[in-house]
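Fold and geometry: a report
Residues per chain are reported as follows:
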Amino acid sequence: MLTLLTALDAIKAAGLKTKSNLKFVFEGEEEASSINLEKILAANKQLFSGDMWFICDGPVHQSRKQLITFGARGITTVDITIYGPRRELHSGHYGNWAPNPAMMLARLLASMKDDNGRVLVDHFYEGIAPLTATEKKAVDGAPDIDKEIMRELWLGGTENSPKKLVELLNLPSLNVRGMSAARSGEQASNVIPSSAFATIDMRLAKGLDHHQQALRLIDHIRKQGFFVVDAEPSAEVRMAHAKVARVIEKEGGYNAVRTSMDLPISQEIIKTVESARGATILMPTSGGSDPRDIVERALGSKTIAIPIVNHDNNQHSFNENVRIQNLWDGIELMAALLVM
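I will try to describe carefully the structure that is included in this document. Here the structure is a predicted model, which is why all the values come from computation and not from measurement.

Turning next to the side chain of serine 266. Relative to the assigned elements, serine 266 resides in helix H11 (residues 264–277). For serine 266, the residues in contact, after removing those within four places along its chain, are Phe70, Thr259, Ser260, Met261 and Ile304.

Applying the stated criterion to the full structure yields 2 aromatic pairs. Here tyrosine 94 and tryptophan 97 contribute two aromatic rings whose centre-to-centre distance is 6.2 Å and whose plane-to-plane angle is 50°, an arrangement assigned as tilted. Look at tryptophan 97 and you get exposed, because its relative accessible area is 68%. When the ring of phenylalanine 124 is compared with that of tyrosine 125, the centres are 5.3 Å apart and the planes differ by 80°; the resulting orientation is edge-to-face. Here phenylalanine 124 falls in the buried class, since its relative accessible area comes to 1%. Positioned above the aromatic ring of tyrosine 125 is the side chain of arginine 118, whose terminal nitrogen or guanidinium carbon lies 4.2 Å from the ring centre. The ring centre of phenylalanine 226 lies 4.6 Å from the NZ or CZ of lysine 243, which sits over that ring.

What follows covers the pairing of strand E9 (residues 244–249). Sheet topology places strand E3 (residues 71–83) next to E9; 5 bridges connect them, and they run antiparallel. Within the sheet, the bridge partner assigned to isoleucine 82 lies in E9 and is alanine 245. Across 3 bridges, the pairing between strand E8 (residues 227–229) and E9 is parallel. When the sheet's bridge partners are listed, phenylalanine 227 is paired in E9 with valine 244. Taken together, E8, helix H10 (residues 235–240) and E9 form a β-α-β motif whose crossover is right-handed.

Here we take up the pattern of salt bridges. Under the criterion given, the structure shown has 15 salt bridges. For lysine 250, the salt bridge is made with aspartate 79, and the minimal N-O distance between the two is 3.4 Å. Here lysine 250, found in the loop between E9 and strand E10 (257–258), pairs with aspartate 79, found in strand E3; they are 171 residues apart in sequence, far enough to count as distant. Since its relative accessible area comes to 36%, lysine 250 is described here as partly exposed. Exposure remark for aspartate 79: the relative accessible area of 11% places this residue in the buried category. Two residues, arginine 292 and aspartate 290, come together in a salt bridge whose shortest N-O distance is 2.9 Å. Overall, the relative accessible area of 1% leaves arginine 292 in the buried class. A single network of salt bridges, built from pairs that share partners, joins Glu38, Asp293 and Arg297.

If you check helix H13 (residues 324–338), its first and last C-alpha atoms are 21 Å apart, about what 15 residues at 1.5 Å a residue would give, namely 21 Å. All of the buried residues in H13 are Asn326, Leu327, Asp329, Gly330, Ile331, Leu333, Met334, Ala335, Ala336, Leu337 and Leu338. Each element contacted by the buried residues of H13 is listed here: helix H1 (2–13), strand E1 (52–55), strand E2 (66–69) and H11.

This brings us to a nonpolar patch on the surface. A cluster of nonpolar side chains, Met1, Leu5, Phe24 and Phe26, forms an exposed patch at the surface whose accessible area comes to about 400 Å². As for its placement among the helices and strands, leucine 5 is situated in helix H1.

This paragraph deals with the nonpolar core. Residues Ile80, Met112, Leu174, Leu217 and Ile221 are the most contacted members of the largest nonpolar core, which totals 27 residues. Broken down by secondary-structure element, the contributors of at least two residues to this core are E3, helix H5 (101–110), strand E7 (195–204), helix H9 (210–223) and E9. Dropping the residues within four chain positions of it, isoleucine 80 is found in contact with Leu105, Leu108, Met112, Ala196, Phe197, Ala198, Ile200, Ile221, Arg246 and Val247.

Once that is clear, we can look at H5. Structurally, the α-helix is built with 3.6 residues per turn, so residues lying three or four positions apart point the same way. Restricting attention to buried positions, one finds in H5 the residues Pro101, Met104, Leu105, Leu108 and Leu109. An end-on view of H5 places all buried positions within 130° of arc, on one side of the element. Exposed residues pointing more than 90 degrees away from the buried face of H5 are listed as Arg107 and Ala110. Those residues of H5 hidden inside the fold are in contact with E3, strand E5 (173–180), strand E6 (191–192), E7 and H9. Two to three positions downstream of the cap, the backbone nitrogen of alanine 102 sits 2.8 Å from a side-chain oxygen, assigning the N-cap of H5 to asparagine 100.

What counts and how
Residues numbered from 1 in each chain as written. Predicted model: local features only at pLDDT ≥ 70, side-chain atom pairs only at ≥ 80, totals over all residues. Heavy atoms only, no water. Helix = DSSP H or I, 4+ residues; strand = E, 2+ residues; numbered from the N terminus. Contact = heavy atoms within 4.5 Å. Phe/Tyr/Trp six-rings, centres within 6.5 Å; stacked < 30°, edge-to-face > 60°. Buried < 20%, exposed > 50% of the residue type's maximum accessible area, 1.4 Å probe, protein only. Lys NZ or Arg CZ within 6 Å of the ring centre and 35° of its normal. Pairing = 2+ DSSP bridges. Right-handed = clockwise from strand over helix to strand, strands pointing away. Salt bridge = Lys/Arg side-chain N within 4 Å of Asp/Glu carboxyl O. Expected span 1.5 Å × (residues − 1). Patch = residues over 30% accessible without salt bridge, like charges linked within 9 Å, V, L, I, M, F, W, Y side chains within 5 Å. Areas by Shrake-Rupley, 256 points an atom, 1.4 Å probe, with all protein chains shown as cover. Core = buried A, V, L, I, M, F, W, Y, C linked by side-chain atoms within 4.5 Å. Arc of directions from axis to C-beta. Polar contact = N/O pair within 3.5 Å; in protein donor to acceptor, adjacent residues only side chain to side chain.

Quick look at the structure:
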């Protein structure tokens, strides 16, 4: 927002004229899956219509070079609760007898991937739209930054090796984004937990439906022997089944999208970005997810992302930051796009 508004002020101060009709949309619910965006766009199509939406979210390439991403992964999120005894039990009096839901959850999560990181959920990779020749060329031509990122992050290995990060961004993923049972650290007690909880996000490649992908995961949980419910299970249900899992598909999932790099407007955008930032890396798909699917479905507009922040900005975590130089670079870049 800061770079856009500053660039607009600079354009006006310089007496420059824009060649396009510009609209600015600032949407504050992206981290809550943009649950109101589609109904707002659908009710105001004329107000929001346009040939191209620039999405300015996300980081530049890990090499610090400018990046354009022509698509974004979709996302769906699933919460899982595994049940044990009605209340926490003394681990000495009841250990080796009462089922431990934390252990059951650990086994369930481990069943979802093999040792190299490939997802084992049936049909998980089924239906992916293949990359075009231009998109494959862009992937092949991207800088090889895997070893440098491994050093930066202190990683001794990576999942799905020998595939590189740039290749894997075009495939769906399954991530355990959090898990809990009873207490740990100084609050730990010698108990068998009464329940265990995990929350999973699945990033989607183009061609996959977010709801169907959630159903594939639920089918996998059933195949591991769990009786699956979508509400808090009663005493009767818990006593009738040795393994009970409450599974909730969270509201707000959306699908992956990808705009062709070969479109005339895509080529014009590439030239404009390169004129401001020099050599630019092109990628078919960004690693993150944003509501481009909602925009394209509601309005029929194309979408392209032109991010500006540093790759090591700790997005979604502690000490989130922005590198000052990225702000200056971003102002120049946004100004070039606004007068394109």
